[in-house]
Amino acid sequence: MSDDEDRAANDDVQDVVDALQRHDPQVQPELIAKLVGQVAPGPRTRKDLLTYLREHPDVVTQGGSRMPKVVGELLYAAIAAGVKGVVSPACASCARPRTLFHNTTDGQRICPSCYNRTRRAICSMCGQERHVASRNSEGGALCGTCRNAGKADGECAGCGRVMQVRRSKDGLEYCRRCASRRAPTESCASCGRVTRVNARQPDGSGLCAACYAKERQAVALCDACGQLATLVARKGGRGGHDRNLCGRCYRHPHRECGLCGRTRRVALRATETSPDVCPTCYWAPVVLCATCGQEGLGRRTTNDGDPWCFACQAATRVDEFLADEQGHLRRGYAPVREALLEMDPRSVLHNWGRVECFRLLGDLLSEHGEVTHELLDAEPQVFRVHYVRGVLVSAGLLGERDEHLARLRVFCQDVVAEVDRVSERQVLARYAQWYVIARLQIGPGGLTANQAYNARSEVRSAQGFIAFLNLRGVGVRDCRQRDVEEWALEGRSLHFVRWLKRQRFLPASVAITTPSVASSPQTGDPDEQLELARRLLHDPSIAGVEERVAGTLLLLYAQPVARIARLTLEDLAEVEGRMQVKLGEHPLDVPSVLADLLRQLPVHKPFGAARELADEQWLFPGKRAGQPRHAMSLMRALRPLGIPARVSRNTALLHLAVSVPPAVIANALGIDTSTAQKWAEVAGSSWSAYGPSRRRDVNQGPVVDV
């Protein structure tokens, strides 16, 4: 380039600098020169840019959509570089700041998305309103699918399959997948991935498709978070939004679907002739099923070319799943079939190969022909096993059993099998069977979740003590005094060690001291606990109904979480308009506000097939059919509310022991009389003279209750 040409180019750039400095005096000329070189590297495009800026100097602040593409690119680059006072160009149709490639008939420019929406018509082959990809000989519109369907198939030179192919530069024909694999790849300059190049930067480095799209997206200030980001909802745009929102702050509207009736995310907004449609119904048309003759959501050509609704597809899938070798429904599995068919058929079809419960049940049926408790016990004791067991028990295919006790026995067997030495394995098995399990006090409702949890903790602690000795190079019978003392230093349990001493497994020289225990149990502030109970009763926003009821029964009535979880509808009674709850031998009247909450239970039911087979007796139903909510699950739900189970129950018992005789507490709350008496002693209240003093007061005169 000659000196005159350099001087003319510098003068041109200075004109751009002057146009931008009128709105941002702090802008640097070097930055503007760099931006001009990026968006207009050639003399022709630079001339068009400068000519338009001279004729329309206010384009920097007016925005609009009538400017040439190169002017819009310069304004986008200036905004991204931090130049102030520049207004972003916007699409004439959607008002979004995007690159404007296309012109309308009135001279305005629109973005590619709006341009594609203008090229929509009814396809002459499939009858759907879609983007026009081409037209047939008669001028009828063809969508991309129908256009490709009319092309003759050929053999792909890459994979050999007979399908739609396209000719490549080497003269051979490849399918779309093989053609994409043969495209040259290199490292993306932005994300570093080795992939196909979609575009190149001025320095020659390549950008992948994702990074290229991000680079071309205009950014603006989000009204919610205040960050400069790409907007997905624009104020005054086609969506009718009143704020500019980025992708992190935007939330899709949730409304009732006009097809399925569920409240879901809106995938297709309502028009004058059609309702809102959720994503599932948007992709599922209403068909006249060739099998059942009913109209419903389904597919048009899945039943040998005939329409097939989702309900019939799900029924066929379930029948194949539960069929025996002769193709008949297995004996006794009719309730399971009915429960599966009561589910949403789309959920059955979508999750059939993904849900582990279905996969486990199918594997056991195909391999053994039936499912037994023993087969399920041999599987890893995870949720899918417990869920399948609950469904089969509720359907009557498996007998009922004390599930917590059975799982405890399986747990003990697994823990014992982890011990290496045979002699120590026998000692641990004896301890687990004849001390831990045999001493459990099993009530009429079976073993509780807390009892099973404590028993597992004792067995696991015993295994830990054996492993502790093995690491020190000694066995149980070679245990030394310092081994026991170091084990007890960190506050570990000594139940197993004391049992070993009583059974004479430890040497006679080993002595086990009883650790000192605090004279009073750990409690909280009763006033704060009462205030929290009032909030649970009167504030609906604090938690759900289940958590509010469980927290109230724990804070006011000192009920263990395990007993709360196992409350049934039979424990509630309406007597002369008053709600009564049976916690002990005699039912208790509860306040009206708590009664209103109890009437709302149960709230949740199990999901899937267990929903139809579940026993509705539980006030707090669990995820497994016929089982209540696990006590640990309920306890974890109460912790965020500031309700630690043990401390809250101790506080409630201590408060009740001060004002109520132990016998009354025992009968009303369902605790042992000796336990109530001990709490009275801890509280410093002596009720031994309650009866005689009451009789003496009655004989002396009337008693006035304050």
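Residues numbered from 1 in each chain as written. Predicted model: local features only at pLDDT ≥ 70, side-chain atom pairs only at ≥ 80, totals over all residues. Heavy atoms only, no water.

**Quick word on the overall build of the protein**
The condition that has to hold: Starting at the N terminus, helices and strands are each numbered in turn, a helix being any DSSP run of H or I of at least four residues and a strand any DSSP run of E of at least two. Three exposure classes are used, based on accessible area relative to the maximum for each residue type with a 1.4 Å probe and protein chains only: buried under 20%, partly exposed in between, and exposed over 50%. We call two residues in contact whenever any of their non-hydrogen atoms come within 4.5 Å of each other. Computed with the Shrake-Rupley method and a 1.4 Å probe, the accessible areas treat only the protein chains shown as cover for residues.
When you go through the protein residue by residue, the secondary structure sums to 31 helices and 25 strands. Looking at the protein as a whole, 37% of its 706 residues are labelled buried. A sequence separation of at least 24 residues applies to 41% of the contacts in the protein between residues at least 6 apart. For the protein, the exposed area adds up to about 40,900 Å²; of that, 49% sits on carbon and sulfur atoms.

**Concerning helix 18 (residues 422-437)**
Think of an α-helix as 3.6 residues a turn; residues three or four steps apart then line up on the same face. Heads up, the condition is: Multiplying one less than the number of residues by 1.5 Å gives the expected span of a helix.
Compared with an ideal rise of 1.5 Å per residue, which puts 16 residues at 22 Å, helix 18 spans 21 Å between its outermost C-alpha atoms and is within 8% of the ideal. Those residues of helix 18 that are buried are in contact with helix 17 (403-417), helix 19 (449-471) and helix 21 (495-502).

**Quick word on the sheet that holds strand 15 (residues 219-221)**
The condition is simple: Strands were regarded as paired on the criterion that DSSP finds at least two bridges between them.
Across the sheet, which stays open at both edges, the 3 strands sit in the order 15-16-17 with antiparallel pairing between neighbours. The open sheet terminates on both sides in strands that have one partner only, identified here as strand 15 and strand 17 (245-246). In this sheet, strand 17 lies alongside strand 16 (residues 228-233) in antiparallel orientation, the contact comprising 2 bridges. Each bridged residue has a counterpart across the sheet, and for Leu231 the counterpart in strand 17 is Cys246.

**What to know about the packing of aromatic side chains**
Operational definition: For this analysis, a ring pair means two rings from Phe, Tyr or Trp (six-membered ring only for Trp) whose centres lie within 6.5 Å, classed as stacked if their planes differ by under 30 degrees, edge-to-face if by over 60, and tilted for the remaining angles. A ring is considered to have a charge above it if a Lys NZ or an Arg CZ atom is located within 6 Å of its centre and within 35 degrees of its normal.
Evaluated as defined, the whole model comprises 8 aromatic pairs. A ring pair is formed by Tyr431 and Trp499, whose centres lie 5.2 Å apart and whose planes are at 65 degrees; its orientation type is edge-to-face. Linking Tyr431 in helix 18 with Trp499 in helix 21, this pair joins segments that are 68 residues apart in sequence. Comparing Tyr431 with Trp499, the two get one shared label, buried. Measuring from centroid to centroid gives 6.1 Å for Phe465 and Phe496, while their planes differ by 75 degrees, and the two rings are edge-to-face. Of this pair, Phe465 sits in helix 19 while Phe496 is found in helix 21, placing the two residues 31 residues apart along the sequence. Of the two residues examined, Phe465 and Phe496, each falls in the buried class. The lysine or arginine in question, Arg439, covers the ring of Tyr435, its NZ or CZ lying 4.4 Å from the ring centre.

**A closer look at the pairing of strand 23 (residues 572-575)**
In terms of strand pairing, strand 23 meets strand 24 (residues 578-581) through 4 bridges, oriented antiparallel. Paired with Val575 across the two strands is Arg578, which belongs to strand 24. Connecting the antiparallel pair strand 23 and strand 24 is a turn made up of 2 residues, with Glu576 showing a positive phi of about 55 degrees.

**A few points about the packing of helix 17 against helix 18**
For any two helices packed against each other, the geometry is given by the interaxial angle and the distance between the axes. Inclusion rule: Where helices are involved, their axes are fitted lines through C-alpha atoms of the stretch in contact, as for all axes, and angles between N-to-C directions lie from 0 to 180°. Note that the term roughly parallel is reserved for angles under 35 degrees, roughly antiparallel for angles over 145, roughly perpendicular for angles of 65 to 115, and oblique for everything else. The crossing is said to be left-handed when, going from far helix to near helix, the turn is anticlockwise and less than a right angle, and right-handed when the turn is clockwise. In this classification, the charged set is Asp, Glu, Lys and Arg, the nonpolar set is Ala, Val, Leu, Ile, Met, Phe, Trp, Tyr, Cys and Pro, and all remaining amino acids, among them Gly, are polar.
The interhelical angle for the contact between helix 17 and helix 18, taken along N-to-C directions, is 160 degrees, at an axis separation of 9 Å. Of the possible angle classes, the one that applies to helix 17 and helix 18 is roughly antiparallel. When the axes of helix 17 and helix 18 are compared, the crossing they make is right-handed. Between helix 17 and helix 18, the contacting residues are Leu405, Leu408, Arg409, Cys412, Val415 and Val416 on the first element and Arg425, Leu428, Ala429, Ala432, Gln433 and Ile437 on the second. Looking at side-chain class alone, the contact of helix 17 with helix 18 contains 9 nonpolar, 1 polar and 2 charged residues.

**Focus on the side chain of Asn244**
Convention followed: Polar contacts, as used here, are pairs of N or O atoms within 3.5 Å; protein pairs need one atom able to donate a hydrogen and one able to accept it. Residues neighboring in sequence count only if both atoms are side-chain atoms.
By secondary structure assignment, the location of Asn244 is in the loop between strand 16 and strand 17. Taking the relative accessible area as the measure of exposure, Asn244 reaches 15% and is therefore buried. Separated by 2.7 Å, the side chain of Asn244 and the backbone nitrogen of Lys235 make a polar contact. Setting aside anything within four residues of it in sequence, one finds Asn244 in contact with Leu221, Cys222, Asp223, Ala224, Leu231, Ala233, Arg234 and Lys235.

**Structural notes on the sheet that holds strand 25 (residues 588-589)**
Taken in spatial order, the 3 strands make up an open sheet running 23-24-25, and their pairing is antiparallel. If you trace the sheet from one side to the other, it starts and ends with strand 23 and strand 25, each paired once. Pairing of strand 24 with strand 25 involves 2 bridges; the strand directions are antiparallel. Bridged to Val581 within strand 25 is Leu588. Packing of helix 25 (residues 592-599) onto the sheet brings it into contact with strand 23 and strand 24, and relative to strand 24 it is tilted by some 70 degrees.

**Some points on the environment of Phe465**
We classify Phe465 as buried; its relative accessible area is 1%. In this structure the C-alpha to C-alpha distance between Phe465 and Trp487, which are 22 residues apart in sequence, comes to 7.6 Å. Setting aside anything within four residues of it in sequence, one finds Phe465 in contact with Cys479, Trp487, Phe496, Val497 and Leu500.

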